[in-house]
Amino acid sequence: GAVVSQHPSRVICKSGTSVKIECRSLDFQATTMFWYRQFPKQSLMLMATSNEGSKATYEQGVEKDKFLINHASLTLSTLTVTSAHPEDSSFYICSAGQVSGNTIYFGEGSWLTVV
Amino acid sequence: GENVEQHPSTLSVQEGDSAVIKCTYSDSASNYFPWYKQELGKGPQLIIDIRSNVGEKKDQRIAVTLNKTAKHFSLHITETQPEDSAVYFCAATLGGSQGNLIFGKGTKLSVKP
């Protein structure tokens, strides 16, 4: 079974609205989670590193005011796409690592379509 | 910056044959090398991983080898089956950090029955 759960798996929103995606680690605590974006037929692009109890670290070129990340607990990180535009439509994926062992697991991904 | 190169980008094999995907990395501090299988519309699924203190690891039909001196690692799938068809990504940790992965561009594997 999945060890990292993402919700929703698919979401459609209107341009200008905001949408939140949740990433949960199941059965383990994750002090750090990662958010990726993936365009069709391309590799995963790291957007930001989510740190429990502190501010997220964003990769160059990723707007932190547009992609809000909150990591309020050791099992939950959220990504909020604010004032969404059609170009934000993409597949968003989170990952989390167990403190021991360094194994990284990915969520099932969330398809965002902005109309 | 640091990067991971993956080859080939596409690979087509006949059912029952072996498939090999190769990756090279640039960060000498990388210490964890996972392989993921991604089916269309789904998140990447960890299929095997190897750490820097091990040269080879095997799990049934899947094996991974690591050459730290040459900075390359490979995925080997034996006795391929049609359900092995997917996109495979290699990755390496950025430095010694936990979880911060750099991904290869992916290999689309097609197994023909």
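See the structure shown above.
Figured I'd write up the structure that's included with this text. (Residues numbered from 1 in each chain as written. Chains lettered and ligands numbered in written order. Predicted model: local features only at pLDDT ≥ 70, side-chain atom pairs only at ≥ 80, totals over all residues. Heavy atoms only, no water.)

What about the pattern of salt bridges?
Residues and elements named next belong to chain B. Taken as a whole and assessed by the stated rule, the structure comprises seven salt bridges over all chains. Residue Arg 51 is joined to Asp 49 by a salt bridge in which the shortest nitrogen-to-oxygen separation is 4.0 Å. Here Arg 61 and Asp 84 are joined by a salt bridge, their closest N and O atoms 2.9 Å apart. Highlighted residues: Arg 61 in the loop between strand E6 (56-59) and strand E7 (62-67) and Asp 84 in the loop between strand E8 (72-77) and strand E9 (86-93), separated in sequence by 23 residues. Overall, the relative accessible area of 23% leaves Arg 61 in the partly exposed class. Its relative accessible area of 7% is what places Asp 84 among the buried residues. (Salt bridge = Lys/Arg side-chain N within 4 Å of Asp/Glu carboxyl O. Helix = DSSP H or I, 4+ residues; strand = E, 2+ residues; numbered from the N terminus. Buried < 20%, exposed > 50% of the residue type's maximum accessible area, 1.4 Å probe, protein only.)

Section: unusual backbone geometry
Cis geometry is found at the peptide bond from His7(A) to Pro8(A), where omega equals 0 degrees. For Pro8(A), the location among the structural elements is in the loop between strand E1 (4-7) and strand E2 (10-13). A cis amide bond links His7(B) to the next residue, Pro8(B), at an omega of -5 degrees. Along the chain, Pro8(B) falls in the loop between strand E1 (4-7) and strand E2 (10-14). Of note in this structure, Lys41(A) is not a glycine but carries a positive phi near 60 degrees. One can find Lys41(A) in the loop between strand E4 (32-38) and strand E5 (44-51). The exposure class assigned to Lys41(A) is exposed, which follows from its relative accessible area of 89%. A positive phi is found at Ser83(A), a non-glycine position, where the angle reads about 45 degrees.

Concerning the side chain of Ser50(A)
All names here are of chain A. Structurally, Ser 50 can be placed in strand E5. Note on Ser 50: relative accessible area 0%, which makes it buried. Within polar-contact distance, the side chain of Ser 50 engages the side chain of Ser 77 at 3.0 Å. When near neighbours in sequence (up to four residues on either side) are disregarded, Ser 50 contacts Thr 31, Thr 32, Met 33, Trp 35, Ala 56, Ile 69, His 71 and Ser 77. (Polar contact = N/O pair within 3.5 Å; in protein donor to acceptor, adjacent residues only side chain to side chain. Contact = heavy atoms within 4.5 Å.)

These figures come from the coordinates and say nothing about function on their own.
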